[in-house]
Amino acid sequence: MRSAKDFFRPLAVGAPAPVREVPFRPSRMIHFFDPGNEKMAAKVPSIAPQVDVLLGNLEDAIQADRKEAARNGLVQIAKATEFGDTQLWTRINSLDSPWALDDLLTLVTEIGDKLDVIMVPKVEGAEDIHYVDRLLAQLEAKAGITRPILVHAILETATGVANVEEIAGASPRMQGISLGPADLAASRRMKTTRVGGGHPGYLVREDPNPSDADAPRATFQQDLWHYTIARMVDACAAHGILPYYGPFGDIRDTLACEDQFRNAFLLGCVGAWSLHPVQIAIAKKVFSPSPADVAWARKVIDAMGDGTGAVMIDGKMQDDATYKQCLVVSELADTLAARDPELAEAYAAAEKE
Ligand code: GLV
Ligand code: MG
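1. What about the pattern of salt bridges?
As a working rule, side chains carrying opposite charge can pair if their charged atoms are close by.
In step 1: A full pass over the atoms with the stated rule returns 23 salt bridges.
In step 2: In this structure, Arg 28 and Asp 52 form a salt bridge, with 2.8 Å as the shortest nitrogen-oxygen distance. Of this pair, Arg 28 sits in the segment before strand E1 (29-33) while Asp 52 sits in the loop between helix H1 (38-47) and strand E2 (53-57), placing them 24 residues apart in sequence. Exposure class is identical for Arg 28 and Asp 52. Each is buried.
In step 3: Among the ionic pairs, Glu 59 bridges to Lys 122, the shortest N-O distance being 2.4 Å. Here Glu 59 is found in the loop between E2 and helix H2 (67-80), whereas its partner Lys 122 is found in the loop between strand E4 (117-120) and helix H4 (126-143), with 63 residues between them in sequence.
In step 4: Judged by relative accessible area, which is 2%, Glu 59 ranks as buried.
In step 5: Members of the salt-bridge network, linked through shared partners, are Arg 28, Asp 52, Asp 85, Lys 284, Arg 339 and Asp 340.

2. With respect to the sheet that holds E2
In step 1: Here we have 8 strands laid out as an open sheet, ordered E9-E6-E5-E4-E3-E2-E1-E10, and parallel in their pairing. A strand with exactly one partner marks an edge of an open sheet, and here the two such strands are strand E9 (242-244) and strand E10 (272-274). Neighbour-to-neighbour, the strand axes of the sheet open up by a mean angle of 25°, direction not taken into account.
In step 2: Inspection of the sheet shows E1 paired to E10 by 3 bridges, in the parallel sense. Across the sheet, residue His 31 finds its bridge partner in E10, namely Ser 274.
In step 3: Across the sheet, H2 lies against E1, E2 and strand E3 (87-91), angled at about 170° from E3, the strand it touches most.

3. With respect to the site of ligand 1
In step 1: Around ligand 1, the neighbouring residues are Arg 91, Glu 156, Gly 180, Pro 181, Ala 182, Asp 183, Pro 247 and Trp 273.
In step 2: In this structure, Glu 156 approaches ligand 1 through a side-chain N or O atom, which is 2.9 Å from an oxygen atom.
In step 3: Separating an oxygen atom of ligand 1 from a backbone N or O atom of Gly 180 is a distance of 3.5 Å.
In step 4: Across the complex, the protein chains shield 93% of the 190 Å² of accessible surface that ligand 1 would expose by itself.

4. Structural notes on the pairing of E2
In step 1: Burial of E2 is extensive: 5 of the 5 residues sit out of reach of the surface.
In step 2: With burial as the criterion, each face of E2 is covered, one bearing Val 53, Leu 55 and Asn 57 and the other bearing Leu 54 and Gly 56.
In step 3: Of the crossover connections in this fold, the one passing from E1 over H1 to the parallel E2 is right-handed.
In step 4: As judged from the 5 bridges shared by E2 and E3, these two strands associate in the parallel manner. Note that in E3 the partner of Asn 57 across the bridge is Arg 91.
In step 5: As for the winding sense of the linkage, the β-α-β connection from E2 through H2 to E3 is right-handed.

5. Side note on the coordination of the magnesium ion (ligand 2)
In step 1: The magnesium ion (ligand 2) binds to the protein through Glu 156 (OE) and Asp 183 (OD), with metal-donor distances spanning 2.0 to 2.2 Å. Taken together, the positions of Glu 156 in the loop between strand E5 (150-155) and helix H5 (158-162) and Asp 183 in helix H7 (residues 181-187) put the pair 27 residues apart, joining distant regions of the chain.
In step 2: Overall, the relative accessible area of 3% leaves Glu 156 in the buried class.
In step 3: For Asp 183, a relative accessible area of 24% corresponds to the partly exposed category.

6. Quick look at the packing of aromatic side chains
In step 1: Scanning all chains against the criterion turns up 6 aromatic pairs.
In step 2: Seen in terms of ring centroids, Phe 7 and Phe 8 are 5.7 Å apart; in terms of plane orientation they differ by 85°. Their pairing is edge-to-face.
In step 3: Given the relative accessible area of 28%, Phe 7 is considered partly exposed.
In step 4: Residue class for Phe 8 comes out partly exposed when judged on its relative accessible area of 27%.
In step 5: Where Phe 265 meets Phe 287, the ring centres are 5.8 Å apart and the plane angle is 90°; that geometry is what we call edge-to-face. Of the two residues, Phe 265 sits in helix H9 (residues 254-267) while Phe 287 sits in the loop between helix H10 (278-286) and helix H11 (291-304), which places them 22 residues apart along the sequence.
In step 6: Ring pairing ties together the aromatic residues Tyr 245, Phe 261, Phe 265 and Phe 287, which thus form one cluster.
In step 7: Sitting above the plane of the Phe 8 ring, Arg 20 keeps its charged end 4.3 Å from the centroid.

7. Let's talk about the domain arrangement of the protein
In step 1: Domain boundaries in the protein define domain 1 (4-286) and domain 2 (291-352).
In step 2: Here the C-alpha centre of domain 2 lies 29 Å away from the C-alpha centre of domain 1.
In step 3: Contacts between domain 1 and domain 2 engage 9 residues on the former and 6 residues on the latter.
In step 4: Here domain 1 is connected to domain 2 by 4 salt bridges.

8. Here we look at the nonpolar core
In step 1: Counting 88 residues, the largest nonpolar core has Ile 30, Ile 118, Ile 177 and Phe 261 as the members making the most contacts within it.
In step 2: When residues of this core are assigned to domains, at least three map to each of domain 1 (4-286) and domain 2 (291-352).
In step 3: In this structure, Val 300, Ile 301, Ile 313 and Tyr 323 belong to the second largest nonpolar core, which totals 7 residues.

Analysis parameters
- Residues numbered from 1 in each chain as written.
- Chains lettered and ligands numbered in written order.
- Predicted model: local features only at pLDDT ≥ 70, side-chain atom pairs only at ≥ 80, totals over all residues.
- Heavy atoms only, no water.
- Salt bridge = Lys/Arg side-chain N within 4 Å of Asp/Glu carboxyl O.
- Helix = DSSP H or I, 4+ residues; strand = E, 2+ residues; numbered from the N terminus.
- Buried < 20%, exposed > 50% of the residue type's maximum accessible area, 1.4 Å probe, protein only.
- Pairing = 2+ DSSP bridges.
- Axes fitted to C-alpha atoms, helices over the stretch in contact; angles between N-to-C directions.
- Contact = heavy atoms within 4.5 Å.
- Near = heavy atom within 4 Å.
- Polar contact = N/O pair within 3.5 Å; in protein donor to acceptor, adjacent residues only side chain to side chain.
- Areas by Shrake-Rupley, 256 points an atom, 1.4 Å probe, with all protein chains shown as cover.
- Right-handed = clockwise from strand over helix to strand, strands pointing away.
- Donors = N, O, S within 2.8 Å, 3.2 Å for Na, K, Ca; no water.
- Phe/Tyr/Trp six-rings, centres within 6.5 Å; stacked < 30°, edge-to-face > 60°.
- Lys NZ or Arg CZ within 6 Å of the ring centre and 35° of its normal.
- Domains from an automatic or database assignment.
- Core = buried A, V, L, I, M, F, W, Y, C linked by side-chain atoms within 4.5 Å.

And the structure:
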């Protein structure tokens, strides 16, 4: 076993020291694009300022014979673009594919200074993170990178879910975890054929009417992803890293996308993937606390003083625990407002009301 004292030592001579805390930068939407698609690549400079994270996707959705074009496209785009405050991430191919090694070798040595986070798909256990961790340290040292590249795992296999806690704590590089509902459904042999979201067949039905057995009975659709998201959120919170909902594949169903994103937000997630520009605004709306909630949180914080004791506000009891919840909302609002002037204005206006 590695000594706790060595946990924050670089894994290669000359690699940057690991971070002790995950930097909390806004990442409400992780916007996916295909860097080998010239039309999409041309839009990068105009999309970058609209999103918190731009992710060059090399894995699924990129055809086998386009893998190199996507990888080389990302190198070119990263070199040619000033991203400002927007983070640049990539999703490499899975570790059992013939492309993952070259993805890491090329990207870290060519554009490692521009890459904030590397998303690793189909992570099954801590051993996958350890492999990437050591390799990244060697490549960072080789390329003279001074700031460690962080790692994000996709939770999309049954084994990965069984091992989610050890994945979350496998390395100081771990930045976060996203739910990958499409691959996870296949891995679990679920009988869905979609990318995330609910299913009309997954429901509970109200009891029969005792005096009319044939009377219609209301049904309520249930959330297929509740268990996994909740488990992922706990694993991430326990290890000080960030949880995310992943993709929502029905691009035209913006309402259900918003619902799915909001469920994840309320359970503790900080963002979701956007697969199409229409999902950018949805994620921005959902993963930014509402001005009314922020104003309420600040009212409670002000009334609670040092956070101890209890006060009543509008008939609702507040104590140390609600104070802490309000701090979560208020601190998130501060971080987002620092990047988003429109949001800053909306929060300030709501506080004055
Ligand atoms: C994402 O990669 C998924 O499989 O849902
Ligand atoms: Mg997947």
